[in-house]
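# A structural walkthrough
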Amino acid sequence: MTARERTGWADVAKGVCIVLVVLWHVVTKHAIDAQGAGPVTDAWATLNAQLLPLRMPLFFLISGMFAVRAVTAPSGASWRRRAARLALVYVIWVLLQTFALALTPGFDTARAENPLELLAQLTISPTNLWYLLALAVYLAVARLTRDLPTAVVLPATLLVSAAAATGALADFGNLWQVVQNLFFFLAGLRLREVVERFAAGIRPLGELMLVGAYVAAAAAVGVLGMRQWPGIWPLLSILAVLCGVGLCVLIDRRAGALAAPLRWIGRRTLPVYVIHMIPLALLDAGLRATGLRTAPAWEAVGPLVLTAVVIALSLAAHAVLVRVGLRVLFDPLPGPGGRSLRNRGIADQPKSASG
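Model, not experiment: these values are computed from the prediction.

Attention shifts here to a nonpolar patch on the surface. A cluster of nonpolar side chains, Val-301, Val-305, Val-309 and Leu-313, forms an exposed patch at the surface whose accessible area comes to about 280 Å². Within the secondary structure, Val-305 is located in helix α18 (residues 296–323). On the accessibility criterion, Val-305 (38% relative accessible area) is partly exposed.

Here it is, written out as structure tokens:
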């Protein structure tokens, strides 16, 4: 997408998704682990759980939309360079996290304790950075299947997603998520024009109806314990993604004060994604020491405050690292003529570019 085409709801969606990713980790790795946490923390955990069908599927849908040019280019050099960049960024930050998180042993996230575990995390057992590895794999799959009809590819990957959602795959870290979300990346790639027409036609009343349908469906899935029923989770995610697209379109059209910062963050998702776990772990250690983690006021507003602080620290760290000549940590393969990714976001990264 050109700079003009990128301005709008897609970048708002990327901003929303990366904020939700950080909020998810704040709640699951900081708030609910606090000894003595009360009902307010439980409410945050419940809200986070209801956003699971939205957060990563929407990110991958946008990623697929931004990947069309690379996947369909005749030479194939563009998608290979993108995939290689993503894989290298994944390796670099898994290694950096392994050493950085050793400083906070009480923080609840996967960290390799020996070379064999590290090898597994770099291959078959992805860490919290699994989104990068997934995008690299998805680009390869999209290229290899580019000549197959959409009517074959999307139903086949929807079935794969449904199987992964049932828990049929062995629990290798986040590998099941890599398998489960392929459908949404390919849907964004192959149905980009359909998604854009849907976005152009969204209206407040239609969005309200979609949100109502999603709330009712999510409640039914939770109450009836249908999470792992075959086909239920991907269908719920499709409904959530439609809601998410519509909401981001309306924010972009009607809420400029909110849309502007979301678009700004949405164009800087990569540094937030790869860095945020480190400041979160350090802040968690500090808050553990103060004993404030279960104070009623902190339980209520802490997740929002901590999410904002972690995003700000991640972007500040990125600026410092780039300033001292370490852009290679985010862009290990500059493009032809030394062209760099600079501040482009994860979803369209790299580009000549959601998830």
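Picking up after the structure, the text goes on.
We now examine the nonpolar core. As a rule of thumb, nonpolar side chains are buried together in soluble globular proteins. Of all hydrophobic cores here, the largest spans 96 residues; its most connected members are Trp-9, Leu-58, Phe-60, Trp-93, Phe-185, Tyr-273 and Val-274. The element contributing the most residues to this core is helix α2 (residues 9–31), with twelve residues. In contact with Phe-185, not counting residues within four places along its chain, are Phe-60, Ser-63, Gly-64, Ala-67, Leu-135, Tyr-138, Leu-139 and Ala-142.

The interhelical angle for the contact between helix α4 (residues 52–66) and helix α14 (residues 232–254), taken along N-to-C directions, is 70 degrees, at an axis separation of 8 Å. As judged from the angle between their axes, α4 and α14 are roughly perpendicular. Across the interface between the two elements, Leu-52, Pro-53, Leu-54, Pro-57, Leu-58 and Leu-61 from α4 touch Trp-233, Leu-236, Ser-237, Ala-240, Val-241, Gly-244 and Val-245 from α14. Looking at the contact of α4 with α14 residue by residue, the class counts come to eleven nonpolar, two polar and no charged.

This structure, assessed with the given rule, holds six salt bridges. Linking Arg-192 and Glu-196 is a salt bridge whose minimum nitrogen-to-oxygen distance equals 3.1 Å. Taken as a pair, Arg-192 and Glu-196 lie in helix α12 (residues 192–201) at a separation of four residues, close to a single helical turn. Look at Arg-192 and you get buried, because its relative accessible area is 19%. Here Arg-263 makes a salt bridge to Asp-252, at a shortest N to O gap of 2.5 Å. Placement of the pair is Arg-263 in helix α15 (residues 256–266) and Asp-252 in helix α14, with a sequence separation of eleven residues. Assessed through its relative accessible area of 18%, Arg-263 is described here as buried. Taken together, the shared-partner salt bridges connect Asp-11, Lys-14 and Arg-267 into one network.

Summed over the entire model, instances satisfying the criterion amount to eight aromatic pairs. Their ring planes at 40 degrees and their centres at 4.5 Å tell us that Phe-60 and Tyr-131 sit as a pair that is tilted. One end of the pair, Phe-60, is in helix α4; the other, Tyr-131, is in helix α8 (residues 130–144), with 71 residues separating them in the sequence. Given a relative accessible area of 0%, Phe-60 falls into the buried group. Pairing Trp-93 with Phe-330 gives two aromatic rings, centres 5.5 Å apart and planes at 40 degrees, and the pair type is tilted. Remark: Phe-330 occurs in the segment after α18 and Trp-93 occurs in helix α6 (residues 77–100); sequence separation between them is 237 residues. We classify Trp-93 as buried; its relative accessible area is 4%.

In this section: the packing of helix α3 (residues 39–50) against α4. If you want to describe how two helices pack, look at the angle between their axes and the distance between the axes. Packing of α3 against α4 brings their axes to within 4 Å, and their N-to-C directions diverge by 45 degrees. What the angle tells us is that α3 and α4 run oblique. When α3 is examined against α4, the residues Asn-48, Ala-49 and Gln-50 are found in contact with a partner set consisting of Leu-52, Pro-53 and Arg-55. Grouping the amino acids of the contact of α3 with α4 by side-chain chemistry returns three nonpolar, two polar and one charged.

Put simply, the protein chain has an average pLDDT of 88, and 89% of its residues get 70 or more. Note on residues 1–5: pLDDT is under 50 here. Beyond four places in sequence and across chains, it has eight contacts. Taken as a whole, residues 337–355 scores under 50 in pLDDT and shows 80 contacts with residues more than four places along the chain or in a different chain.

Basis of the calculations
Residues numbered from 1 in each chain as written. Predicted model: local features only at pLDDT ≥ 70, side-chain atom pairs only at ≥ 80, totals over all residues. Heavy atoms only, no water. Patch = residues over 30% accessible without salt bridge, like charges linked within 9 Å, V, L, I, M, F, W, Y side chains within 5 Å. Areas by Shrake-Rupley, 256 points an atom, 1.4 Å probe, with all protein chains shown as cover. Salt bridge = Lys/Arg side-chain N within 4 Å of Asp/Glu carboxyl O. Helix = DSSP H or I, 4+ residues; strand = E, 2+ residues; numbered from the N terminus. Buried < 20%, exposed > 50% of the residue type's maximum accessible area, 1.4 Å probe, protein only. Core = buried A, V, L, I, M, F, W, Y, C linked by side-chain atoms within 4.5 Å. Contact = heavy atoms within 4.5 Å. Axes fitted to C-alpha atoms, helices over the stretch in contact; angles between N-to-C directions. Parallel < 35°, antiparallel > 145°, perpendicular 65-115°, else oblique. Nonpolar A, V, L, I, M, F, W, Y, C, P; charged D, E, K, R; others polar. Phe/Tyr/Trp six-rings, centres within 6.5 Å; stacked < 30°, edge-to-face > 60°. pLDDT = per-residue confidence, 0-100.

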